Amino acid sequence: MATQALRQFAFRSLLIAGAFLWGSSLYLLAETTQNWAQFSRTHEAMLLINGVGALILLVLIGGNLVRLVRDYRQLVPGSRLRTRMVTMFSVLAVLPVLVVFYFSVQFLNRGIESWFNVEIDQGLSQALELSRTALELRKREYMERTRGMSGILGRWPDSQLVQEMSLLRRENGAMEVTIASANSRIIATSSERAGGFAPVRKVAEILLQTRQGLDYVRLEPMAEGGYVIVTAAPLMELGPGTETRVLIVEYPVPERLSRLADGVLLAYDKYGELKYLRQPLKTSFTLTLSLVLFLALLLAINGAFFVSRILLKPIPDLLEGTRAVAKGDFDVRLPQQSRDELGFLVDSFNDMTRKLARAREESLHHEHQVEAERSRLAIILARLSTGVISMDRAMVVRTANQAAGAILGVELEDSVGQALPELAREHSLLRQFVEAVEPQLRKGRTEWREQIALRGEFGNRVIIFACSALPGESGNDGGVVAVFDDITALLQGQRDAAWGEVARRLAHEIKNPLTPIQLSAERIRKKYLENMGEEEGQVLDRATHIIVQQVEAMKEMVDAFRDYARAPDLDMTMLDVNEIVMEVGDLYRARDFGITLYLNLDREIPPVEADRGRLRQILHNLIRNSVEALTGSDQGEIHLITRLRQAEDYQAVELTVEDNGPGFDMENVNHLFDPYVTSKPKGTGLGLAIVKKLIEEHGGSIDARNREAGGARIEIVLPLNEASRNAMMPRLLRR
Amino acid sequence: MQELVNQRTGAGWYLVLLLFLFAKPAAAVTGDGHFEVRSVYTEYREGVFYLNGRVSFRLSDPAREALHSGVPLRLELEIQLAQKRRWWLDSEVASLHQLAELQFHALTQRYLVRNFNSGEQFSFITLAEALDEIGHINQLPLIDESLLEPGLRYEVSLRSVLELRDLPGAIRWMTFWWGDLRTESDWYRWPLKP
């Protein structure tokens, strides 16, 4: 972390130093055009720095451009807006720069051209000419002096020349006086300079002119500054044969005059130089200006990239954040980068996501609560023994509990969304249920109660049914809820209890007077039969005999009721059902009833936990009923059938007794197992009731129906053991 | 194949562009200006090698125009003494620069020659005289013999260069493109045996 901060600091420092260096060089480059000498040596370096700077800027712009194009093509969020901003900023930067450039170049050219005009040109030339004229007067004057000196010195012998020359030099105000021969040899010289000076190489030039008899005078600029006027005149020849000599005299130009002449010359030269260099100068200025503006332009374009990146930095974040919110991620928070409108937008976005996240949490909380309530309700519904189905008017199931499915014999919990009439096609109980309910719903009824009788696998079932309308949302139909319960067992229990009470009361109220009645009848017969006549005695004997006989019959009937009312004590053992069936069947085979008894036994039946005596009693009752039903039939048949029933959760033995008799009276078929229900003239009506009671004590079930081929059919289902008994019990209770 | 042709064509254009950008204008190279080392030789005397020679200067029209416009010209003789090495770069032993300034003096209508090495100044009526003065090398001490190792190979190189007086960098840079204001001769080389 610290290394990264240090690196960033170093990078920024380098950047600032580079920018400062560049800015300085740019400034100095502009200054170069004003101060030639000062910045001339650094001009190349400054050009190099600016060139490198321009190159860096071009590379940066190129990189930014490539990245922008790539982002644009890849539809990166914010790239289009950034492209527009960069284009707009660049155009805004380029247009003013171009205008400024155009007018600057125009001003530059006109400004430079204004330096040069005919008046200045003429003025300078005339000033120079004036200087020349002023000096020309001097030159003539000094030439006259030289001629005078040559006339004087020509008369003197060589031995006295130097002395005379010095005298004349001082008198004429000369700086140096020299006499040279024709072959440029210095004959004598007199100079006020220390050590003297002889311009040897100029002697040839002077001799060339004086040899032609011309005067020689020239203005000579001096290396150390100032001017001298060099004059020369031939010396008079001393005689024939003597060599030609020339007198060379240098006169100093007055300092003031020299300075003025220098000033004029400097201005003239400077003007000439500028005039000569004006085109390169203009081009140089224009190029410098162009370079500066080009760099400014590059900086502006780079700045456009930079500013657009800074300004639009929140946009991609906002887009990403919006997409995240659209996908359901409300925990996204955008970094706050500025305090402007975009910053306010980021703030608003973060506030929005915070509120959305809070709303979602509350919604989830409510959903959990609703789900918990629903789960509780589902548990309650699942534990209810009452069936509950909510459905719409078309009987499409919305919810159903387990009890509803168990009562109607179909798994309704997995049938949500399906119509009950469709489901009912394959389920008998449900079909009967739908047939009872659907017409009411079609009539538009939503609130009613009724009792529905269904014929099921184990006999008839009685269902108490209530329907209520459910409130809908936003005025929609909420459908109905059907609540129903199988009250078969309840009704049966109530009936059994009632019959038990009747039997107990009969036993108590009827049996007690029977014994005194019987004893009294026997005493009357014993006391008065001997004393009566034969005819009267026969009447009494017959009457008392009938009384005793009927009392005995009534006693038997009362005992039967007592047995029915009393809960039997079962001695449960593991026994072979087939063995008992064969044993009882053999008893009836031994007696000639004119009826054929068939045994159809399943040899694979395992031992059954049951009371052997009660099982025999059950079989006796059923076979006897069939025998009695077949009395008078020539081809009576009784079938005893055993089968093993293997259900998912229990195993049981099916024991079926069938005959080909007249069958049950269909009007009483629902009350066959009730006491006093019999089709026989002598029956007590307790046989099947007792059988049913014993079967139920064993945890089994009994069902009676007529065969399609004719005759009665009674089917008994006995669970194999305690586990099977417990598994069957809920189904039996719902019957 | 077509791509290859295109690439070659593109490379050719780039080459043309580079030549256009960096090559000096042809007129400047083949203009009137011409410097030539006419004769040069070294002379050994009393343990010192002296240089004598003549260099011919012919100014180009732009240079003449610049001179007569008041722009002083700088003429420089660059003399280098290098040790020749067979398998490596030559080693510079000595380097001399004789710098003279040529100026047209408008007031006197004479050409001034200022020798920066000696500090002398001479004026001439004609430009040819002035250039002749500058191109005259007379007994210029080159190097002391003791600084040279016998048995090694040495080579003396000489060339002359003309350029304008100190100008602002930008203008000097521009004059490179504008006209034949800078002229230089080829290097003239000859061996020196210690």
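Analysis parameters
Along each chain, the written sequence defines residue order, and numbers are assigned to residues from 1. Following the order in which they are written, the chains are lettered starting with A and the ligands numbered starting with 1. Per-residue local features are limited, in this predicted model, to residues with pLDDT of at least 70; the limit for side-chain atom pairs, both in listing and counting, is 80 or more; totals at the level of whole chains, interfaces and linings are taken over all residues. Strands are runs of DSSP state E lasting at least two residues, helices are runs of H or I lasting at least four, and both sets are numbered from the N terminus onward. To assign burial, the other C-beta atoms lying within 10 Å of each residue's own C-beta are counted, with C-beta atoms placed from the backbone; 20 or more indicates buried, 12 or fewer indicates exposed, and intermediate counts indicate partly exposed. Each residue gets a C-beta atom placed from its backbone, and two residues are in contact if those atoms lie within 7 Å. Linking buried Ala, Val, Leu, Ile, Met, Phe, Trp, Tyr and Cys residues through C-beta atoms within 7 Å yields a set, and such a set is a nonpolar core. Reported domain spans reflect what an automatic or database domain assignment gives. Interaxial angle, 0 to 180 degrees, is taken between N-to-C directions of lines fitted to C-alpha atoms, where a helix line uses only the stretch in contact. Between 65 and 115 degrees an angle is taken as roughly perpendicular, under 35 as roughly parallel, over 145 as roughly antiparallel, and anywhere else as oblique. By convention the crossing between two helices is left-handed if the near helix lies anticlockwise of the far one by an angle smaller than a right angle, and right-handed if it lies clockwise. When residues are grouped by polarity, Ala, Val, Leu, Ile, Met, Phe, Trp, Tyr, Cys and Pro land in nonpolar, Asp, Glu, Lys and Arg in charged, and all others, Gly among them, in polar. A helix is expected to span 1.5 Å multiplied by its residue count minus one. Every residue gets a pLDDT, meaning the predictor's confidence in that residue, from 0 to 100. By the convention used here, strands pair only if DSSP detects at least 2 bridges between them. Relevant arc is that of directions from the helix axis to the C-beta atoms, nothing else.

1. Regarding the overall build of chain A
Counting secondary structure elements, chain A contains 20 helices and 17 strands. Within chain A, buried positions represent 26% of all 735 residues. Restricting to contacts in chain A with at least 6 residues of sequence separation, those with at least 24 account for 58%.

2. Points about the nonpolar core
Soluble globular proteins tend to pack their nonpolar side chains together in the buried interior. Among the nonpolar cores identified, the biggest contains 72 residues, and Ile229, Val246, Leu247 and Ile248 of chain A together with Leu73, Leu102 and Ile134 of chain B are the most heavily contacted of them. If you tally residues by element for this core, the top one is strand 4 (residues 227–234) of chain A, at 6 residues. A domain-level breakdown of this core finds at least three residues from each of domain 1 (21–115 + 277–312) and domain 2 (134–271) of chain A. Excluding residues within four positions of it along the chain, Ile134 of chain B makes contact with Phe57, Leu75, Ala100, Leu102 and Val113 of chain B. Core analysis: the next-biggest nonpolar cluster, separate from the first, contains 48 residues, Ile605, Ile618, Tyr650 and Ala712 of chain A among them.

3. Some remarks on the packing of helix 15 (residues 488–528) of chain A against helix 16 (residues 534–565) of chain A
Residue and element names in this part refer to chain A. Two elements in contact, helix 15 and helix 16, have axes whose closest approach is 8 Å; the angle formed by their N-to-C orientations is 160°. Of the possible angle classes, the one that applies to helix 15 and helix 16 is roughly antiparallel. In the packing of helix 15 onto helix 16, the handedness of the crossing is left-handed. By residue class, the composition of the contact of helix 15 with helix 16 is 18 nonpolar, 3 polar and 7 charged.

4. Quick word on helix 6 (residues 158–172) of chain A
Residue and element names in this part refer to chain A. Between its terminal C-alpha atoms helix 6 stretches 20 Å, which fits the 21 Å expected from 15 residues at 1.5 Å a residue. Looking at helix 6, one finds that the buried residues are Met165, Leu168 and Arg169. Buried residues along helix 6 sit against helix 5 (118–153), strand 1 (176–181) and strand 2 (186–191). Gly173 occupies a position one or two residues after helix 6 and carries a positive phi of about 70°.

5. Here we look at the environment of Val162 of chain A
Residue and element names in this part refer to chain A. By secondary structure assignment, the location of Val162 is in helix 6. Spatially, the C-alpha atom of Val162 lies 9.2 Å from that of Val177, the residues being 15 residues apart in sequence. If we skip the residues at most four places from it in the chain, Val162 touches Ala188 and Ser190.

6. A closer look at the confidence of the model for chain B
Residue and element names in this part refer to chain B. Of all residues in chain B, 75% have pLDDT values of 70 or greater, and the mean over the chain is 77. Taken element by element, chain B is modelled with least confidence in helix 2 (residues 26–29), mean pLDDT 34, and with most confidence in strand 5 (residues 110–115), mean pLDDT 92. Per-residue pLDDT stays below 50 along residues 1–31; that stretch engages in 7 contacts with residues further than four places along the chain or on separate chains. Listed scores for the predicted complex are pTM 0.50 and ipTM 0.72.

7. A word on the sheet that holds strand 2 (residues 48–58) of chain B
Residue and element names in this part refer to chain B. On the basis of which strands lie adjacent, the open sheet formed by 3 strands has the order 1-2-7 and antiparallel pairing. Lying at the two open borders of the sheet, with one neighbouring strand each, are strand 1 (34–45) and strand 7 (136–144). Going from strand to strand, the sheet's axes swing by 25° on average, the running direction of each strand aside. Relative to strand 7, strand 2 is paired through 6 bridges, and the arrangement is antiparallel. Residue pairing in the sheet places Leu51 in a bridge with Leu140 of strand 7.

8. Let's talk about the pairing of strand 17 (residues 712–719) of chain A
All names here are of chain A. Most of strand 17 sits inside the fold, with 6 of its 8 residues counted as buried. With 7 bridges joining them, strand 15 (residues 651–659) and strand 17 adopt antiparallel strand pairing. By the bridge assignment for strand 17, Leu655 is matched with Ile716. As paired elements, strand 16 (residues 701–706) and strand 17 share 6 bridges and run antiparallel to each other. By the bridge assignment, Ser701 is partnered in strand 17 with Val717. Between the antiparallel neighbours strand 16 and strand 17 lie 5 residues, among them Gly710 with a positive phi of about 105°.

9. Considering helix 18 (residues 612–629) of chain A
All names here are of chain A. The terminal C-alpha atoms of helix 18 lie 26 Å apart, and with 18 residues this matches the ideal 26 Å at 1.5 Å per residue to within 8%. Of all the positions in helix 18, only Arg614, Leu615, Ile618, Leu619, Leu622, Ile623, Asn625, Ser626 and Ala629 are classed as buried. Down the axis of helix 18, the smallest arc covering the buried residues is 165°, so these residues share one side. As for helix 18, its buried residues are in contact with helix 17 (577–590), strand 13 (608–611), strand 14 (636–646), strand 15, helix 19 (687–697) and strand 17.

10. Some words on the sheet that holds strand 2 of chain A
All names here are of chain A. Ordered by their spatial adjacency, 5 strands build an open sheet running 2-1-5-4-3, and the pairing between neighbours is antiparallel. Two strands bound the open sheet, and with one partner strand each, they are strand 2 and strand 3 (216–221). Strand-to-strand twist across the sheet, computed as the mean angle between neighbouring axes with direction ignored, equals 15°. Helix 5 contacts strand 1, strand 3, strand 4 and strand 5 (245–252) of the sheet and is inclined by roughly 40° relative to strand 4. Across the sheet, helix 6 is in contact with strand 1 and strand 2; its angle to strand 2 comes to roughly 30°.

11. Considerations on the environment of Leu295 of chain A
Counting through the fold element by element, Leu295 of chain A comes out in helix 9 (residues 278–311). The sequence separation of Leu295 of chain A and Leu55 of chain A amounts to 240 residues, and the corresponding C-alpha distance is 9.7 Å.

12. Some thoughts on the environment of Glu435 of chain A
As for its position among the elements, Glu435 of chain A is in helix 14 (residues 428–442). For the pair Glu435 of chain A and Ala424 of chain A, spaced 11 residues apart in sequence, the C-alpha to C-alpha distance is 9.3 Å.

13. With respect to unusual backbone geometry
With phi around 55°, Leu75 of chain A is a residue other than glycine that occupies positive phi space. Structurally, Leu75 of chain A can be placed in the loop between helix 3 (43–73) and helix 4 (79–115). The phi angle at Glu46 of chain B is positive, at roughly 55°, despite the residue not being glycine. Its location among the elements puts Glu46 of chain B in the loop between strand 1 and strand 2. When the 6 C-beta atoms within 10 Å are taken as the criterion, Glu46 of chain B is described as exposed.

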